[in-house]
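A closer look at the structure
Listed below are the residues making up each chain.
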Amino acid sequence: MIQPTNRLPITHSSFPDFLAACRETLDRLVQVGVGWKGTRFDMYKRTVEEMAELSYPRSVNLENKDEREKDRFFREAASQFSQLNVSTALWEKQDQAVLASKLKDVVSGTAMPAKGKDWDPSRNALAELATGSLLERRGFLVTLTSAKEDLIARSPSLGEFAVEVKRPASEESIENNLKRLRSQLKQRCKRPGCMGLAVVAIDRIVSLAGSMARSQTEFEFRSTLDRTMEEQTVKLRALVQRRDLRLFPTTPFVAALLVGTVFVDDLGMPVQIGMLSMRSTASLDAMDQERVDRMQRQLSTF
């Protein structure tokens with residue numbers, strides 16, 4: 001069985017350090033030409049500043065509606081800032097006009113995520129940027145495009161990948177999202193030498209969007225996270241073996257993306273997640289399985 005690769009470290013961050021990183025990201029937004037004052041990230045900044053002034057560990061009375069909603073808003077602020085902070089590794093090498101257009105979409109969204117199946121373009125755009133950043137950190141040269149397509153990722157040893165990212169609203173909508181990924185990547189991979197990479201952001205599926213997970217201990221957090229990523233990548237690989245959802249050979253890899261923040265009580269601080277867990281889409285009896293295995297090994301050495 002092919003094991004997940006491209007898993008980035010889980011990082012701890014004290015509140016002062018996290019706040020400093022958020023402020024630095026906002027400064028970089030301005031340098032790109034994107035104003036953030038009056039947007040949802042202005043609200044997030046004030047919330048993170050307020051939470052940074054509190055003493056930890058602290059208890060939250062979840063029976064109190066006001067306290068519960070305030071805590072929920074902070075968790076969304078931390079999660080969205082984490083994704084934006086992660087994405088900054090991608091910014092410098094991009095066409096600045098294209099980057100500014102993407103970032104304007106990101107900051108213009110609503111403070112809290114869309115409910116249910118509602119379209120959430122600002123968070124979708126942020127997931128694309130976070131994916132590009134994680135790929136770049138693994139040795140790919142990632143390009144944002146002004147077209148409707150999401151990303152192009154190039155590797156000297158592996159070639160060119162057309163990357164499409166989807167954020168299913170629930171477990172029930174994964175199949176429809178995979179069908180859209182299949183159709184889009186078939187169109188994009190008509191260029192000679194181009195392969196597909198299908199990315200499924202699972203933050204809404206695992207309820208990380210709008211209600212940042214909370215763990216009592218770091219051990220509990222890491223165990224739950226490992227289990228969640230394994231379950232989701234195994235599920236994705238099983239689904240793309242179905243004839244109506246089959247991605248191979250056009251798209252040799254499918255990946256689960258999870259970027260966000262979990263608050264760990266015994267640490268008294270947010271723990272940031274940046275994970276892109278990849279699986280081969282080839283069936284076990286596919287003639288190209290050996291080639292895909294070789295590519296997988298190369299990916300894991302970046």
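Here is what the cut-offs are and how they apply
- Residues numbered from 1 in each chain as written.
- Predicted model: local features only at pLDDT ≥ 70, side-chain atom pairs only at ≥ 80, totals over all residues.
- Heavy atoms only, no water.
- 1 Å grid on protein atoms, 1.4 Å probe; cavity = no way out; pocket = protein on both sides within 12 Å on 5 of 7 lines; lining within 4 Å.
- Points joined across faces, edges and corners; volume = space filled by probe spheres on them.
- Helix = DSSP H or I, 4+ residues; strand = E, 2+ residues; numbered from the N terminus.
- Nonpolar A, V, L, I, M, F, W, Y, C, P; charged D, E, K, R; others polar.

Looking now at empty space enclosed by the protein. On inspection of all chains with the given rule, the structure shows two cavities of 30 Å³ or more. Here the largest cavity is characterised by a volume of approximately 50 Å³. Every residue along the wall of the largest cavity is listed here: Gln83, Ala127, Ala130, Arg167, Ala201, Asp203, Leu257, Leu258 and Val259. Contributing elements (two or more residues each) for the lining of the largest cavity: helix H5 (121-137) and strand S7 (253-264). Top element by residues in the lining of the largest cavity is S7. It accounts for three residues. In terms of residue class, the lining of the largest cavity is made up of six nonpolar, one polar and two charged. In this structure, the second largest cavity occupies an estimated 40 Å³ of space. Arg182, Leu185, Lys186, Arg246, Leu247, Thr250 and Thr251 are the residues that line the second largest cavity. Tallied by class, the residues present in the lining of the second largest cavity amount to two nonpolar, two polar and three charged.

Okay, the layout of surface pockets next. Roughly 500 Å³ of internal volume is contained in the largest pocket. Lining the largest pocket are 25 residues, and of these Trp119, Asn124, Lys166, Arg167 and Arg180 sit closest to its centre. Those elements that provide at least two residues to the lining of the largest pocket are helix H4 (96-107), H5, strand S4 (159-166) and helix H6 (174-188). By residue number, the principal contributor to the lining of the largest pocket is H5, which donates five residues. Residues of the lining of the largest pocket, tallied by class, amount to seven nonpolar, five polar and 13 charged.

Spatial relationships are all this shows, so hold off on functional conclusions.
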